Amino acid sequence: MVAIIDSAAEAVAQIPDGATILVGGFGTAGQPVELIDALVDSGASELTIVNNNAGNGDVGLAALIGAGRVRKIICSFPRQSDSYLFDEKYRAGEIELELVPQGNLAERIRAAGAGIGAFFTPTGYGTPIADGKETREIDGKHYVLEYPIHGDFALIKAHLADAVGNLVYRKTARNFGPIMAAAAARTIAQVHRVQPVGSIDPENVITPGLYVDQLVEIPQAAVPDQEQGQ
């Protein structure tokens, strides 16, 4: 049964040092910033973070990295114009990076939620990505064996939820949320509004409540229409 938690701080208080956390978001779209900020304040450290990138600017995931709480990051896009906090930590040898092509990252997370033990993919064959990994030729094409990425926790953001945890996302803010929810032992979702059971059309549910353990209602700030996808 999903628990509706009063605050982001209370929701992340259970996350211990050394946890592996799947963090939703594609850049800032769909990033659960309030949950991440609460995680910074919680003091949890030596974390392994799985995300599409390595943070933007100095907020959200970037702030967690900047605070020195992340031991390792698994992502597909670690560097951009405003990833200076990750850059500083990486150049100083204070954070470990596992670079994973974006399609492989999504499929490794999805595989964890689907109970798939491993899979072969052509992406990365013949590059340093494949170093130390099993390879195989199948029907004349070369493949690399990749393993699932499981999380101890998933921190995700959705638009709406009902009281049993069924989630609806908004446009591109969906991104990694659904597969991360399925791949984690415990999923914490921040949502703009929690509605009564039965108020969401079942056809519109993207993440069933079965995959959600905790909900935190964080009302959406008024933003211009073009930013509503976040």
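What you see is a predicted model; the values in this text were computed from it and never measured. Residue positions are counted from 1 within each chain, in the order its sequence is given. Where local features are concerned, this predicted model is filtered to residues with pLDDT of at least 70; where side-chain atom pairs are given and counted, the filter is 80 or more; whole-chain, interface and lining totals use all residues. For side-chain calculations, the full set of non-hydrogen atoms in the structure is used, while hydrogens and water are omitted.

**Brief notes about the sheet that holds strand β8 (residues 141–146)**
1) Next: We call two strands paired when DSSP finds no fewer than two bridges between them. What counts as a helix is a DSSP run of H or I of at least four residues, what counts as a strand is a run of E of at least two, and both are numbered from the N terminus. Here 3 strands make up an open sheet; going across it, the order is β6-β8-β7 and the pairing antiparallel. The sheet is open, and its two borders are formed by β6 (119–121) and β7 (135–138), each paired with just one other strand. Strand-to-strand, the axes of this sheet are offset by a mean angle of 40°, without reference to chain direction.
2) Next: As paired elements, β6 and β8 share 3 bridges and run antiparallel to each other. In the sheet register, F119 faces β8, and the bridge partner there is E146.
3) Next: Whether two residues are in contact is decided by their heavy atoms: any pair within 4.5 Å suffices. Every axis corresponds to a line fitted to the C-alpha atoms, with the helix fit spanning only the stretch in contact, and the corresponding angles, defined between N-to-C directions, vary from 0 to 180 degrees. Against the sheet, helix α5 (residues 102–114) touches β6 and β8, its axis set at about 170° to β6.

**Let's talk about the packing of aromatic side chains**
1) Next: Stacked, edge-to-face and tilted are the three classes for Phe, Tyr and Trp ring pairs, Trp counted by its six-membered ring, which pair at centre distances within 6.5 Å; planes under 30 degrees apart are stacked, over 60 edge-to-face, the rest tilted. Following the criterion strictly, the structure yields 1 aromatic pair and no others.
2) Next: With centroids separated by 5.5 Å and ring planes inclined at 20°, the aromatic side chains of F86 and Y90 adopt a geometry described as stacked. Within this pair, F86 and its partner Y90 are both found in helix α4 (residues 84–91), separated by 4 residues, close to a single helical turn.
3) Next: Burial classes: relative accessible area under 20% of the type maximum marks a residue as buried, over 50% as exposed, and values in between as partly exposed (1.4 Å probe, protein chains only). Assessed through its relative accessible area of 2%, F86 is described here as buried.
4) Next: By relative accessible area, Y90 is classed as partly exposed at 42%.

**Notes on the nonpolar core**
1) Next: To qualify as a nonpolar core, a set must consist of buried Ala, Val, Leu, Ile, Met, Phe, Trp, Tyr and Cys residues joined through side-chain atoms within 4.5 Å. The biggest cluster of nonpolar side chains holds 30 residues, and the ones touching the most others in it are I15, I21, L39, L47, I49, L64 and I73.
2) Next: For this core, the elements supplying multiple residues, two or more each, are α1 (8–12), β2 (20–23), α2 (33–42), β3 (47–50), α3 (61–66), β4 (70–75) and β9 (151–162).
3) Next: Apart from the residues lying within four places of it in its own chain, the contact partners of L64 are I36, L39, V40, L47, I49, R69 and V70.
4) Next: Counting residues in each nonpolar core, the second largest holds 24 residues, with V2, A112, M180 and L215 among its members.

**Observations regarding unusual backbone geometry**
1) Next: One non-glycine residue, E46, lies in positive phi territory at about 55°.
2) Next: Examined against the element boundaries, E46 turns out to sit in the loop between α2 and β3.
3) Next: The backbone of K171 shows a phi angle near 50°, a positive value even though the residue is not glycine.
4) Next: Mapped onto the secondary structure, K171 falls in the loop between β10 (167–168) and α6 (177–183).

**Focus: the pattern of salt bridges**
1) Next: A side-chain nitrogen of Lys or Arg and a carboxyl oxygen of Asp or Glu constitute a salt bridge if their distance falls within 4 Å. In this structure the tally under the stated criterion is 11 salt bridges.
2) Next: With a closest N to O distance of 4.0 Å, K72 and E96 form a salt bridge. Here K72, found in strand β4, pairs with E96, found in strand β5 (residues 96–99); they are 24 residues apart in sequence, far enough to count as distant.
3) Next: Notably, a salt bridge pairs R136 with E134, separated by 3.2 Å at the nearest N-O pair.
4) Next: For R136, a relative accessible area of 42% gives the class partly exposed.
5) Next: Residue E134 is classed as partly exposed on the basis of its relative accessible area of 39%.

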